[in-house]
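Fold and geometry: a report
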Amino acid sequence: YWRAWSSDVCSSDLMFRELDISPHGGGWLDAGLGHWHEYARFDRSVQYCIEEANALDNFSNGVWRAAIRKMCERAASKGGTLLPPLFNKTTTSMSAPEQAICWSFYDWLVAEHPSALRPILMGLKQKGDARELLKEHLGMGLLKAEEAWREWVSGTYPKKEKTR
């Protein structure tokens, strides 16, 4: 499974490069969507595109829910934010923990705002501003979306992962 998945990720990444939304402010969605599908299939995420594979370290052994919950709690206790810096990055410039944050934000969008996904993606493909697209399709700006996402993470993700 892993080998086939890795081949699929690398092949599709190379074949559809002209459709890449990452350079136009969509890196967060690109990373989130890719890892979300892998996580849905294998209950972990450890594959990266061919450009990232040699540069990224593993994050939390590919099992991200509890680690993301801790990151959100830590950021909230310090009064910081996690999402705003990621909206300016390409997928390949993100660290593994940053890609995990994008996965979780996408996970929240799928769970809480599934009807917003297509218009946000289409807007990013047309080089729309990601922050404006969130306002338009979620009815909230990035900071409010982060607040809602963090609350959802706190109520949805475990404090500790199950041992395998």
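Calculation rules
Residues numbered from 1 in each chain as written. Predicted model: local features only at pLDDT ≥ 70, side-chain atom pairs only at ≥ 80, totals over all residues. Heavy atoms only, no water. pLDDT = per-residue confidence, 0-100. Helix = DSSP H or I, 4+ residues; strand = E, 2+ residues; numbered from the N terminus. Contact = heavy atoms within 4.5 Å. Core = buried A, V, L, I, M, F, W, Y, C linked by side-chain atoms within 4.5 Å. Buried < 20%, exposed > 50% of the residue type's maximum accessible area, 1.4 Å probe, protein only. Salt bridge = Lys/Arg side-chain N within 4 Å of Asp/Glu carboxyl O. Patch = residues over 30% accessible without salt bridge, like charges linked within 9 Å, V, L, I, M, F, W, Y side chains within 5 Å. Areas by Shrake-Rupley, 256 points an atom, 1.4 Å probe, with all protein chains shown as cover. Lys, Arg positive; Asp, Glu negative; His and termini not counted. Charge placed at Lys NZ, Arg CZ, Asp CG, Glu CD. Phe/Tyr/Trp six-rings, centres within 6.5 Å; stacked < 30°, edge-to-face > 60°. Lys NZ or Arg CZ within 6 Å of the ring centre and 35° of its normal. Axes fitted to C-alpha atoms, helices over the stretch in contact; angles between N-to-C directions. Parallel < 35°, antiparallel > 145°, perpendicular 65-115°, else oblique. Nonpolar A, V, L, I, M, F, W, Y, C, P; charged D, E, K, R; others polar.

**Quick word on the confidence of the model for the protein**
On average, the protein scores 77 in pLDDT, and the residues at 70 or more come to 66%. Within the protein, the lowest mean pLDDT, 39, falls on helix H1 (residues 2–15), and the highest, 96, falls on helix H7 (residues 142–156). Segment residues 1–18 is flagged for pLDDT under 50; beyond a separation of four residues in sequence, or across chains, it makes 21 contacts in the model. Confidence drops under pLDDT 50 across residues 50–55; counting only partners more than four residues distant or on other chains, this segment forms nine contacts.

**Let's talk about the nonpolar core**
Counting 36 residues, the largest nonpolar core has Trp28, Ile68, Phe105, Trp108 and Trp149 as its most contacted members. For this core, the secondary-structure elements that each account for two or more residues are helix H2 (27–42), helix H3 (65–78), helix H4 (96–112), helix H5 (114–125), helix H6 (130–138) and H7. A total of eight residues in this core trace back to one element, the largest contributor, which is H4. Once residues lying within four places of it in the same chain are set aside, the contact partners of Trp28 are Leu86, Phe87, Met94, Cys102, Phe105, Leu109, Ile120, Leu124, Ala130 and Leu134.

**Focus on the pattern of salt bridges**
When charged atoms on two side chains of opposite charge get close, those side chains can pair. All told, the structure shown has four salt bridges when counted by the stated rule. The salt bridge involving Arg69 is made with Glu73; its shortest N-O contact spans 3.0 Å. Taken as a pair, Arg69 and Glu73 lie in helix H3 at a separation of four residues, close to a single helical turn. Overall, the relative accessible area of 12% leaves Arg69 in the buried class. We classify Glu73 as partly exposed; its relative accessible area is 39%. For Glu146, the salt bridge identified is with Arg150, shortest N-O distance 2.5 Å. Within this pair, Glu146 and its partner Arg150 are both found in helix H7, separated by four residues, close to a single helical turn. We note that Glu146, like Arg150, is buried.

**Some thoughts on a positive patch on the surface**
On the surface, Lys70, Arg74, Lys78 and Lys160 cluster together into a positively charged patch. Structurally, the position occupied by Lys78 is in helix H3.

**Let's talk about the packing of aromatic side chains**
Under the criterion given, the structure shown has five aromatic pairs. Here a set of aromatic residues connected by ring pairs shows up, and it is made of Phe87, Phe105, Trp108 and Trp149. The ring of Tyr157 has Arg65 lying over it, and the distance from NZ or CZ to the ring centre is 6.0 Å.

**With respect to the packing of H4 against H7**
Where H4 meets H7, the closest approach of the two axes is 10 Å, and the angle between their N-to-C directions is 85 degrees. Classified by the angle between their axes, H4 and H7 sit roughly perpendicular to one another. Mapping the contact onto sequence places Ile101, Ser104, Phe105, Asp107, Trp108, Ala111 and Glu112 in H4 and Ala145, Ala148, Trp149, Trp152 and Val153 in H7. Of the residues that constitute the contact of H4 with H7, the class distribution is nine nonpolar, one polar and two charged.

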